[in-house]
Amino acid sequence: MTFKIAASPHAHQRRTTTQVMRWVYLAVIPGILVHSYFFGLGIFLQLLLALLTAWICEAAVMRVRGRSVASAWQDHTAIVTAVLLAISIPSLAPWWIIVIGTAFAILVVKHVYGGVGQNLFNPAMAGYVLLLVSFPVQMTSWPIPQQLAQLQLSLADTWQLISSGYSQAGYSLEQLRSGIDGVTMATPLDSLRTDLSHQLTTAEALQKPIFGSFAGVGWGYLNLAFLLGGLVLIYQRIISWHIPAGVLLGLTVPATLLWLFNPDQSISPWLHLMSGATMLGAFFIATDPVTAATSNKGRFIFGLIIGALVMVIRTWGGYPDAVAFAVLLANMAVPVIDKYSQPLAYGHGGRT
Amino acid sequence: MSMLTAIIVLGVLALVFGLILGFAAVRFKVESDPIVDQIDAILPQTQCGQCGYPGCRPYAEAIANGDAINKCPPGGEATIKQLAELMGVEPQPLDAAHGTEDVKKVAVIREDECIGCTKCIQACPVDAILGAAKQMHTVIAHECTGCDLCVEPCPVDCIDMVPVPVRPENWQWNLEQIPVTVVESAK
Amino acid sequence: MSAINISAIEAGQLWSFHGGIHPPERKQLSNQTPIQTLPLSKTFVVPVKQHSGNSGEILVAVGDDVRAGQPLTQPGLQRGLPVHAPTSGTVLAIDEQPIAHPSGLTDLTITLAADGQDAWYPTTPCPDYQQLSRAELLERIQAAGIAGLGGAGFPSAQKLALQRPLEYLIINGVECEPYITADDRLMREHAAEIISGTEILMQVSGCNKALIAIEENKPEAIAIFTQLLSERAATASRIALRQVPVKYPSGGEKQLIEILTGRQVPSRGLPIDVGLLMHNVGTAFAIHQAIVLGIPLIQRVVTVTGEQVDKPGNYWVRLGTPVADLLAYAGFHETTGKAAQRVIMGGPMMGFALANLQVPVVKITNCLLLPSTTELAPAQQEMNCIRCGACADVCPAQLLPQQLQWLAKAKDYDGLEQQNLFDCIECGACAYVCPSEIPLVHYYRKAKAEIRNIAREKAKAEIARERFEARQERLEREKQERLERHRQAAEARKAAQAEAVAAGADNPQDAVQAAIARAKARKAAQAAAAAKANDSAEGESS
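Thresholds, definitions, all that
- Residues numbered from 1 in each chain as written.
- Chains lettered and ligands numbered in written order.
- Predicted model: local features only at pLDDT ≥ 70, side-chain atom pairs only at ≥ 80, totals over all residues.
- Heavy atoms only, no water.
- Helix = DSSP H or I, 4+ residues; strand = E, 2+ residues; numbered from the N terminus.
- Buried < 20%, exposed > 50% of the residue type's maximum accessible area, 1.4 Å probe, protein only.
- Areas by Shrake-Rupley, 256 points an atom, 1.4 Å probe, with all protein chains shown as cover.
- Lys, Arg positive; Asp, Glu negative; His and termini not counted.
- Charge placed at Lys NZ, Arg CZ, Asp CG, Glu CD.
- Axes fitted to C-alpha atoms, helices over the stretch in contact; angles between N-to-C directions.
- Parallel < 35°, antiparallel > 145°, perpendicular 65-115°, else oblique.
- Left-handed = near helix turned anticlockwise from the far one by under 90°.
- Contact = heavy atoms within 4.5 Å.
- Nonpolar A, V, L, I, M, F, W, Y, C, P; charged D, E, K, R; others polar.
- Patch = residues over 30% accessible without salt bridge, like charges linked within 9 Å, V, L, I, M, F, W, Y side chains within 5 Å.
- Salt bridge = Lys/Arg side-chain N within 4 Å of Asp/Glu carboxyl O.
- Pairing = 2+ DSSP bridges.
- Domains from an automatic or database assignment.
- Buried area = accessible area lost by both parts, 1.4 Å probe.
- Polar contact = N/O pair within 3.5 Å; in protein donor to acceptor, adjacent residues only side chain to side chain.
- 1 Å grid on protein atoms, 1.4 Å probe; cavity = no way out; pocket = protein on both sides within 12 Å on 5 of 7 lines; lining within 4 Å.
- Points joined across faces, edges and corners; volume = space filled by probe spheres on them.
- Phe/Tyr/Trp six-rings, centres within 6.5 Å; stacked < 30°, edge-to-face > 60°.
- Lys NZ or Arg CZ within 6 Å of the ring centre and 35° of its normal.

Trainee: Explain the overall build of chain A to me, and be specific about the residues and the numbers.
Mentor: A count of helices and strands for chain A gives 17 helices and zero strands. Considering only C-alpha atoms, chain A reaches an extent of 80 × 50 × 30 Å along its principal axes. Relative to its 352 residues, chain A shows a buried fraction of 57%. Accessible surface computed for chain A: about 14500 Å², of which carbon and sulfur atoms make up 66%. Looking at chain A, you have 17 positive and 12 negative side-chain charges, and the mean spots of the two groups are 21 Å apart.

Trainee: Give a description of the packing of helix H5 (residues 191-205) of chain C against helix H6 (residues 219-231) of chain C that names residues and reports values.
Mentor: Residue and element names in this part refer to chain C. Their axes nearest at 10 Å, the elements H5 and H6 cross at an angle of 60°. Taken together, H5 and H6 sit at an angle that is classed as oblique. Regarding H5 and H6, the two cross each other, and that crossing is right-handed. Of H6, the residues touching H5 (which contributes Ala191, Ala192, Ile194 and Ile195) are Ile224, Phe225, Leu228 and Leu229. Split into classes, the residues belonging to the contact of H5 with H6 amount to eight nonpolar, no polar and no charged.

Trainee: I'd like a description of a nonpolar patch on the surface, backed by residues and values.
Mentor: Residues Met1(B), Leu4(B), Ile8(B), Val9(B), Leu10(B), Val12(B), Leu13(B), Val16(B), Phe17(B) and Ile20(B) make up a contiguous nonpolar surface patch of roughly 990 Å² in combined accessible area. According to the relative accessible area criterion, Leu4(B) is partly exposed, its value standing at 47%.

Trainee: Tell me about the sheet that holds strand E14 (residues 344-345) of chain C, and please be specific about residues and values.
Mentor: All names here are of chain C. Read across the open sheet, the six strands follow the order E1-E13-E12-E16-E14-E15; overall the sheet is mixed. The open sheet has two free edges, formed respectively by strand E1 (36-37) and strand E15 (352-353), since each of these has just one partner strand. As judged from the two bridges shared by E1 and strand E13 (residues 313-318), these two strands associate in the parallel manner. Counted as the bridge partner of glutamine 36 is tyrosine 315 from E13.

Trainee: Which residues make up the pairing of strand E7 (residues 106-114) of chain C, and what values do they have?
Mentor: Working note: regular strand, side chains alternate between the two faces of the sheet. Residue and element names in this part refer to chain C. Bridge count between strand E2 (residues 43-47) and E7: five bridges; the pairing is antiparallel. Its bridge partner being in E7, proline 47 is matched across the sheet by threonine 109. As paired strands, strand E6 (residues 89-98) and E7 are joined by nine bridges and run antiparallel to one another. Along E7, the bridge assignment pairs glutamate 96 with leucine 108.

Trainee: Please provide a residue-by-residue account of the domain arrangement of chain A, values included.
Mentor: All names here are of chain A. Taken domain by domain, chain A comprises domain 1 (15-185) and domain 2 (186-216 + 234-341). Measuring from the centre of the C-alpha atoms in domain 1 to the corresponding centre in domain 2 gives 21 Å. The interface is formed by 28 residues belonging to domain 1 together with 20 residues belonging to domain 2. Around 2200 Å² of area is buried between domain 1 and domain 2 when both sides are counted, 78% of it from carbon and sulfur atoms. On the surface where domain 1 and domain 2 come into contact, there are zero salt bridges. Here domain 1 is connected to domain 2 by two residue pairs in polar contact (both at pLDDT 80 or more). Elements with a contribution of two residues or more to the side of domain 1 that touches domain 2: helix H1 (17-27), helix H4 (77-88) and helix H6 (123-134). For the side of domain 1 that touches domain 2, the leading source of residues is H6, giving seven residues. When grouped by side-chain class, the residues that make up the side of domain 1 that touches domain 2 number 20 nonpolar, six polar and two charged.

Trainee: Account for empty space enclosed by the protein, with residues named and values stated.
Mentor: Residue and element names in this part refer to chain A. Scanning the model with the defined rule gives twelve cavities of 30 Å³ or more in all. If you go around the largest cavity, you meet 27 residues; those closest to its centre are Ser88, Tyr128, Trp142, Ala277 and Asp321. Contributions of two or more residues to the lining of the largest cavity are made by H4, H6, helix H7 (136-140), helix H10 (188-197), helix H12 (219-235), helix H15 (278-285) and helix H17 (323-340). Residue composition of the lining of the largest cavity, by class: 19 nonpolar, six polar and two charged. Two domains each put at least three residues into the lining of the largest cavity: domain 1 (15-185) and domain 2 (186-216 + 234-341).

Trainee: Talk me through the packing of aromatic side chains; I want residue IDs and the actual numbers.
Mentor: Each aromatic ring pair is described using two quantities: the centre-to-centre distance and the angle formed by the ring planes. Under the criterion given, the structure shown has eleven aromatic pairs over all chains. Measuring from ring centre to ring centre gives 5.9 Å for Phe38(A) and Tyr221(A), while their planes differ by 15°; the resulting arrangement is stacked. With Phe38(A) in helix H2 (residues 29-39) and Tyr221(A) in helix H12, this pair connects stretches of sequence that are 183 residues apart. Accessibility expressed as a relative area gives 44% for Tyr221(A), which makes it partly exposed. Aromatic ring contacts, followed pair by pair, group Tyr37(A), Phe38(A) and Tyr221(A) into a single cluster. Lying over the aromatic face of Tyr340(A), Lys339(A) brings its terminal NZ or CZ to 5.9 Å of the ring centre. Here the basic side chain of Lys311(C) rests over the ring of Tyr329(C), its NZ or CZ set 4.5 Å away from the ring centre.

Trainee: Before we move on, can you summarise the packing of H2(A) against helix H3 (residues 42-64) of chain A with the specific residues and values?
Mentor: Residues and elements named next belong to chain A. Between H2 and H3, the shortest axis-to-axis distance is 8 Å and the interhelical angle comes to 130°. The orientation of H2 relative to H3 falls into the category oblique. Mapping the contact onto sequence places Ile32, His35 and Ser36 in H2 and Ile43, Phe44 and Leu47 in H3. Class assignment of the residues belonging to the contact of H2 with H3 gives a composition of four nonpolar, two polar and no charged.

Trainee: How would you explain the pattern of salt bridges if you had to name every residue and give the values?
Mentor: If charged atoms from side chains of opposite charge come close, those side chains can pair. Inspection of the entire model under this criterion finds 35 salt bridges over all chains. Residue Arg263(C) is joined to Glu167(C) by a salt bridge in which the shortest nitrogen-to-oxygen separation is 2.6 Å. Here Arg263(C), found in the loop between helix H8 (253-261) and strand E11 (276-280), pairs with Glu167(C), found in the loop between helix H3 (156-161) and strand E8 (168-173); they are 96 residues apart in sequence, far enough to count as distant. Bridged by salt links that share partners, the residues Asp37(B), Asp40(B), Arg57(B) and Glu61(B) form one connected network.

Trainee: How would you sum up the interface of chain C and chain A? Please name residues and give values.
Mentor: Every contact between the two is made by 66 residues of chain C and, on the other side, 40 residues of chain A. Summed over both sides, the interface of chain C with chain A buries roughly 4700 Å², with 54% coming from carbon and sulfur. The largest contributions to the chain C side of the interface with chain A come from Gln264(C), Ile386(C) and Tyr432(C), which together make up 14% of the buried area. For the interface between chain C and chain A, the tally reads one salt bridge. Where Arg299(A) meets Asp393(C), a salt bridge forms, and the shortest distance between an N and an O atom there is 3.7 Å. Counting the contacts that link chain C with chain A gives 21 residue pairs in polar contact (both at pLDDT 80 or more). Contributing elements (two or more residues each) for the side of chain C that touches chain A: H8, E15, helix H12 (401-409), helix H14 (429-433) and helix H15 (440-502) of chain C. Here the side of chain C that touches chain A is built from residues that sort into 35 nonpolar, 21 polar and ten charged.

Trainee: With reference to specific residues and values, describe the domain arrangement of chain C.
Mentor: All names here are of chain C. Domain parsing of chain C yields domain 1 (1-29 + 134-294) and domain 2 (386-525). A straight line from the C-alpha centre of domain 1 to that of domain 2 covers 46 Å. Three residues, His18, Ile21 and Arg268, lead the burial of domain 1 against domain 2; their summed loss comes to 45% of the area buried on that side. Taken together, the links from domain 1 to domain 2 amount to one salt bridge. Arginine 268 serves as the salt-bridge partner of glutamate 417, at 3.8 Å between the closest nitrogen and oxygen. Summed over the shared surface of domain 1 and domain 2, the result is four residue pairs in polar contact (both at pLDDT 80 or more). Looking at the side of domain 1 that touches domain 2, its residues break down into six nonpolar, seven polar and two charged.

Here it is in structure tokens:
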């Protein structure tokens with residue numbers, strides 16, 4: 001008989017990268033369901049397009065690198081990228097938006113840097129920012145929540161809209177985005193920043209129907225759903241609590257201070273937390289291990305930076321939401337954070 | 001006139017700064033190994049002469065004077081990389097004209113064939129061969145640098161260069177190279 | 001180091017260390033039955049070096065008859081640790097044989113053919129060891145060939161020989177690695193001897209307080225020690241028992257020190273730097289045997305476990321017994337055609353796979369593990385690091401394993417040393433949790449070996465340079481001396497001539513001329529004689 005040589009340790013915890021990634025995309029399912037409840041079935045078509053693009057890109061890269069095409073899905077990281085990007089973009093955006101974004105994320109942001117584990121920037125967010133900067137109109141055209149919309153869309157309508165820009169009845173996206181009163185509706189954050197810039201107070205701005213009763217129609221529940229998924233990930237020890245806690249603290253503390261001093265001109269911390277991509281960003285995007293800091297202390301600082309940047313950009317920046325920019329900026333700071341948050345090794349003076 | 005003023009002012013300034021620089025050079029002189037010592041420290045000290053110089057130190061001097069850094073086969077890639085870093089040049093592949101990188105070897109004299117001519121003793125750059133005229137010679141294995149210089153002079157060809165054996169103490173954890181015994185069951 | 005936390009230690013406070021993991025323990029497999037004695041093998045292969053350090057000088061020759069416990073090597077010039085004959089018999093060979101080492105390489109061994117008598121070499125028991133001096137005790141511990149039985153195999157006498165102030169002697173009965181139960185069974189069955197050995201160790205080291213640490217998953221051993229210590233009031237005041245929470249690697253020397261005392265051993269330092277000394281329970285037992293009974297270290301407890309053996313359990317095994325004999329007794333059947341079997345010497349976290357079952361059991365062999373592929377699945381294909389940081393979370397040395405991994409792959413040896421690679425204890429926790437199944441420890445071991453190799457080469461190059469320079473200097477000196485000699489000889493000649501001229505002798509130049517003239521005259525005379533002879537010869541013939 002033959003004997004097998006292997007390096008120790010011979011025991012191994014059976015949690016593979018694949019499983020970690022699977023948990024991540026399973027945990028966004030509540031968010032996706034809430035999303036489809038408020039914003040229609042578009043999200044499913046976007047997911048489909050994103051996954052298809054991601055698979056083609058991965059397979060092509062594997063081919064070029066001389067590996068088997070089958071290994072494209074092996075570690076499931078591409079799935080996570082595709083899912084996160086599909087959730088982030090407006091669900092009725094034209095089909096080429098998600099295709100371009102996903103292809104850019106996979107090909108340029110991930111593989112040009114050397115593939116899994118080598119990329120500096122979060123692929124989904126880099127793809128998102130590319131889209132936002134290149135196609136601002138499409139990327140800010142969020143559908144209004146179905147509950148406030150004049151017209152309800154069927155799956156076929158949604159498909160028509162995404163593929164051609166018009167529903168079966170011939171309505172354009174712009175027309176569909178009108179509320180019951182016939183005025184085009186923006187997202188809560190977008191609407192609020194526009195109104196604030198029009199010299200309205202926060203209280204006045206919040207009178208619009210989009211805000212509803214709970215942090216904006218749809219958006220509040222969406223954030224709650226992502227929070228739920230995120231807590232599952234923490235419970236399952238897929239992510240550590242340090243990054244989400246950092247993000248939420250970094251966002252809430254300065255926002256609260258500002259709000260206490262100037263409640264008329266600022267966004268309340270509650271709205272900060274429950275609107276936009278806050279929870280998605282804190283639990284699913286900032287926690288991408290490849291581009292985050294590595295030590296627990298570093299992760300917390302990384303989270304704080306993202307939270308603070310989100311708050312700063314939302315308040316004073318040119319874009320309504322800021323998670324993508326904040327994450328990319330914090331990604332750049334990671335080497336410095338890592339350098340200065342390195343834990344003291346055993347026997348180097350921590351305890352004597 | 002203004003032209004003259006400018007020239008004088010600039011001249012004086014140049015003089016002043018020159019003096020400051022000169023003073024600084026003396027006052028804050030950095031005590032460091034001369035470059036030849038630093039190069040010599042990187043070279044593997046086999047003293048084999050494959051670079052074309054009679055020993056590592058002369059080659060170090062030659063590098064300091066601008067010779068190529070890729071003439072040392074015993075040092076191989078690692079040495080070239082370190083030299084390139086020190087000299088601030090691009091690493092080059094090993095110059096094949098001077099030999100190729102090989103496993104570390106050590107000289108062994110087949111002692112019953114040795115005639116005691118002392119030629120190898122004279123050739124050895126590190127005095128690693130023991131013996132006297134008409135007496136058998138032997139290599140002090142742990143002092144031998146594997147330079148090969150003793151092989152050529154031996155009139156009876158009784159010196160072999162054998163690879164340094166791998167011992168458990170210096171094993172490099174190459175698990176893939178372990179020969180696995182295949183035991184056929186008796187039953 | 002200070003006495004600041006002595007009162008906390010005395011009160012039984014426990015600290016904890018960073019990281020650690022909880023792999024399935026699977027100790028039930030082998031700790032249910034008493035330790036059995038393995039029947040003697042027919043041949044024994046005794047490596048002359050079974051510990052970390054130098055080997056001794058061989059005392060026997062091929063054909064010699066030896067008895068059990070007879071020293072086969074002596075410390076000699078290199079102050080090596082001796083090895084002893086495991087049983088009586090004849091020395092068959094002294095040659096290179098495969099040894100129990102991860103490399104599967106050979107080393108010098110003494111092969112013994114057992115005669116089955118198991119006749120003993122005379123022993124020198126000493127029950128009243130309190131009378132012996134420290135030096136005598138150390139001498140006996142060294143002569144009994146005792147090396148740390150916990151795993152590292154450092155000669156115990158050398159560890160004890162350091163004379164520094166000590167606060168605590170720690171007896172390590174934690175045995176945190178999964179599957180292994182050798183210390184567990186030893187503690188259950190030989191607690192009194194272990195306590196006796198602890199007392200000897202305290203006398204030798206001059207330390208009057210000892211802590212025996214046992215992991216909480218060994219309630220039987222804890223109960224026995226609690227009972228024994230309570231029965232002996234005098235002992236109990238000096239020796240205290242500590243129950244350590246279950247976590248791997250609590251049994252690591254540095255980790256256990258942090259758990260018990262809250263102190264950290266300085267990097268590249270020794271426990272003695274913080275006033276502590278640690279020995280394994282097996283070592284304490286061996287020291288009791290060596291001092292009180294005079295029996296050298298020729299056997300140890302080995303756990304044989306894993307689902308591929310029929311009779312998992314613990315065995316008293318003579319050192320030098322081929323692994324194949326032990327496995328056959330424990331019910332492992334070599335089969336052909338099946339998938340490759342892993343035979344792991346040591347535990348699942350730090351043990352190494354054997355390439356050959358003829359290798360012998362040695363002083364540091366605590367376990368043989370034969371897992372089925374379902375209980376310990378073979379390593380999967382390594383994937384890319386995703387920087388998840390799980391490794392850093394579990395690293396008991398608080399290193400950054402993934403950072404080390406990048407550096408090791410890039411062969412950045414300076415960077416590795418900056419990141420404290422040499423503080424890595426190779427416990428395997430990082431590789432255990434790695435979701436990408438990167439064999440992290442393997443990378444570190446390779447890098448460590450390479451760094452040590454580079455240091456060795458560097459030292460050797462330095463010596464070669466010195467020798468080369470010394471030779472150049474010598475050649476130069478000899479050349480100068482030769483020139484000097486020539487110059488002096490020439491001068492001496494000149495001086496002699498001048499002296500001769502001054503003394504009124506012939507001018508040497510004249511003497512030369514005279515000699516040349518004499519030679520010419522002689523040649524001319526010879527030529528004339530020859531011509532004359534020719535003429536007469538011609539005359540006769542005509």
